[in-house]
Amino acid sequence: MRQATMENVPESYLKYTRRKLLMISLLILLTAVVGVYAINAGSADLSPAQVLMTLFGVEQGRFNVIIWNIRLPRVLSALVAGAGLSVAGCVMQNILRNPLASPFTLGISQGAACGAAVAIIALGAGSTGSTGADAVAINNPYLVTFSAFLGAMAATMVVLFLARFKGVTPEAMVLAGVALGSLFSAVTVVLQYFASDVQVASIVFWTFGDVSRASWCDLEILAVVTGAALFYFMANRWNYNALASGEETAKGLGVDVEKIRLTGMFLASLITAVAVSFLGIIGFIGLVGPHMMRRILGGDHRFLIPAASVAGGLLLLAADTVARTVIAPVVLPVGAITSFMGAPLFLYLLAGGYGRR
Amino acid sequence: MILTVDGVEFSYNGHPVLRGINFAVARGEVVSILGNNGAGKSTLLKCLNKILKPQRGSVLIEDDALYRLNRLQIAQRVGYVAQKYESTRFTVFDAVLLGRKPHIKWEATAKDLEIVRRVLKQLGLEAFSLRYLDELSGGELQKVVIARALAQEPRVLLLDEPTSNLDLKNQLEVLKTVRKAAHEQNIAAVVVMHDLNLALRFSDKFLLLKNKTTFACGGMEIITPENIAGVYGVPVAVEKMGAVPVIVPLPV
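What counts, and at which threshold
- Residues numbered from 1 in each chain as written.
- Chains lettered and ligands numbered in written order.
- Predicted model: local features only at pLDDT ≥ 70, side-chain atom pairs only at ≥ 80, totals over all residues.
- Heavy atoms only, no water.
- 1 Å grid on protein atoms, 1.4 Å probe; cavity = no way out; pocket = protein on both sides within 12 Å on 5 of 7 lines; lining within 4 Å.
- Points joined across faces, edges and corners; volume = space filled by probe spheres on them.
- Helix = DSSP H or I, 4+ residues; strand = E, 2+ residues; numbered from the N terminus.
- Salt bridge = Lys/Arg side-chain N within 4 Å of Asp/Glu carboxyl O.
- Buried < 20%, exposed > 50% of the residue type's maximum accessible area, 1.4 Å probe, protein only.
- Pairing = 2+ DSSP bridges.
- Patch = residues over 30% accessible without salt bridge, like charges linked within 9 Å, V, L, I, M, F, W, Y side chains within 5 Å.
- Areas by Shrake-Rupley, 256 points an atom, 1.4 Å probe, with all protein chains shown as cover.
- Contact = heavy atoms within 4.5 Å.
- Buried area = accessible area lost by both parts, 1.4 Å probe.
- Polar contact = N/O pair within 3.5 Å; in protein donor to acceptor, adjacent residues only side chain to side chain.
- Nonpolar A, V, L, I, M, F, W, Y, C, P; charged D, E, K, R; others polar.

Caption draft 1: Structural detail: the layout of surface pockets. Residue and element names in this part refer to chain A. Quantified by volume, the second largest pocket comes out at close to 560 Å³. Around the second largest pocket, the lining is made up of 17 residues, and of these Glu247, Glu248, Lys251, Val257 and Glu258 lie nearest the centre. No other element matches helix H11 (residues 247-252), which puts 4 residues into the lining of the second largest pocket.

Listed below in structure tokens is the structure:
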């Protein structure tokens, strides 16, 4: 019996890793199903079959416009932004060694929103030229994104400084995040006093996340940035695993801790900045996604990183679908729904739930 | 000699912590670093894998100058068991597989898995391989951490107080594991120790540190009442219990 266990270690281990892969595959499948449902849900009287046929180009009917121009960008935005925010939270929790870390709880999302507001008002990248119903069109997505990134990086620098030189506790770090968030929100409010009505409308939009705003072009930028960062995170999965065992252990295993930490925070901020630029602030995805998957699959980043990104996409898509169907035709802000999911988890973690298992 | 330390000098913010450290370790030897709190034992250990970089002196691993190697190259030669290990939601197998990290390019190969299996067997941990670390006892966890360092296939193994927080049985087991690994795999083990009698029992060689520098270095012959009293500032007697030397503090 003992002999058998011993010889079967690699086999039983491979079985165990295959089970994790299976669970990630199931999660992807579930996400696809929810995706079709989300494209289907709404007032256009579509059927899932019609959705699929239109998507695969079999049917070129009257639903083409609705699906390709309205529903699909919305669904893809939710998936990509959710995946990005979730994986950003996952990596931040690892490199800051803080289970409460996420773009939203550390004030990085608020910093990005503030940066976007500056670009719209002070730099004129916003909607002054736009007319008619769509007041919040971004004239220059690159400038807004860049400015949002600077805002996000400002918050990130403070976070890194506190983590590295002051060695603050996870709880104190979150308090610092609250302070940063308030500061950036205050700057955004002050900016509104100097803005035209149209500009105010577009700033207010950044404080309420909404996944329906992204155009195909925005979505492309979002997908490229998130995809590239995800690739980098996956390439460093062993480094994150080493870091989870302690900083000195990681150094002993050949990890350049400072470089990994800076690059990771930089990319997590970049993802946040792009997501906030196009969709506004969406909270708690970066907290719920990784924690849910850590609970189910364990802390191994080889599986946690892909799982957290899929889970984040699924969560944001589900939240958005709930937001627009629960009291249709009224569409609730998706940020409110994600907060309903995230805030209780956050309180639980804060109450010490992350220490016990 | 597999490890040669020559004139290592380290200061922190202008305060000297170590100076004039010289010693050499042969293959298969276990060396204990002994000394009072604050004597610089852990600092010295960290100078041996470049977690800290001394201002002066050199360290040779076989024929390679340690301070010219990058972090990854060092990790391929030196295994390090830190004083503090964060217990994470990893399985034992995953935690030990992490020791293969310096050798893994993109994904673990069959060879890596085989090495992990062998190390787990060597340390009697096979039955635990799919248990989570946060479900293990202190002694089991310490063995896993040592297994991880052994999976690195290092030439030099550094351990910072590997027996603190362990009960007597586990202290003996862990040190026995270290000594066996050093002898069987013909590698050097450098261990920071607090418990003199455990050190005496499991080491081939001793490095006594006092006032930031080497007080004495050598085999059992340097474990004299004078040397121990000189290092720790406490009068002691060195007795023999059968074949095992024992240090007993004298009543003052």
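Caption draft 2: Region of interest: the pattern of salt bridges. Taken as a whole, this structure holds 22 salt bridges over all chains when the rule is applied. A salt bridge links A:Asp320 to A:Arg74, with the shortest nitrogen-to-oxygen separation between them at 2.8 Å. Residue A:Asp320 is found in helix H14 (residues 301-325), and its partner A:Arg74 is found in helix H4 (residues 64-95); the two are separated by 246 residues along the sequence. A:Asp320 sits in the buried class, given a relative accessible area of 2%. For A:Arg74, a relative accessible area of 14% puts it in the buried group. In this structure, B:Asp64 engages B:Arg77 in a salt bridge whose closest nitrogen and oxygen atoms are separated by 3.1 Å. Taken together, the residues B:Asp64 in strand E5 (residues 64-65) and B:Arg77 in the loop between helix H2 (71-75) and strand E6 (78-81) connect sequence positions 13 residues apart.

Caption draft 3: View of the pairing of strand E3 (residues 30-34) of chain B. Residue and element names in this part refer to chain B. Taking burial as the measure, the 5 residues of E3 include 5 buried ones, the bulk of the element. Of the two faces of E3, the one holding Val30, Ser32 and Leu34 and the one holding Val31 and Ile33 are both buried throughout. Sheet topology places E3 next to strand E8 (residues 188-192); 4 bridges connect them, and they run parallel. Across the sheet, valine 31 pairs through a bridge with valine 190, a residue of E8. The pairing of E3 with strand E9 (residues 205-210) spans 4 bridges and is parallel. Counted as the bridge partner of isoleucine 33 is leucine 207 from E9.

Caption draft 4: The arrangement of a nonpolar patch on the surface in detail. A cluster of nonpolar side chains, namely A:Leu22, A:Leu26, A:Leu29 and A:Val33, defines an oily patch on the protein surface of about 400 Å² accessible area. Within the element layout of this structure, A:Leu26 appears in helix H2 (residues 9-40).

Caption draft 5: Just the interface of chain B and chain A, in detail. Across the contact, 38 residues belong to chain B and 34 residues belong to chain A. Roughly 3200 Å² is buried in total at the junction of chain B and chain A, and carbon and sulfur atoms are behind 63% of that figure. Interface area lost by chain B to chain A is led by B:Arg89, B:Lys101 and B:Trp106, which between them contribute 18%. The interface formed by chain B and chain A includes 4 salt bridges. Counting across the chain B and chain A interface gives 12 residue pairs in polar contact (both at pLDDT 80 or more). Among the secondary structure elements, those contributing two or more residues to the side of chain B that touches chain A are H2, E6, helix H3 (92-97) and helix H4 (110-122) of chain B. At 4 residues, H4(B) tops the list of elements feeding residues into the side of chain B that touches chain A. Here the side of chain B that touches chain A is built from residues that sort into 19 nonpolar, 6 polar and 13 charged.

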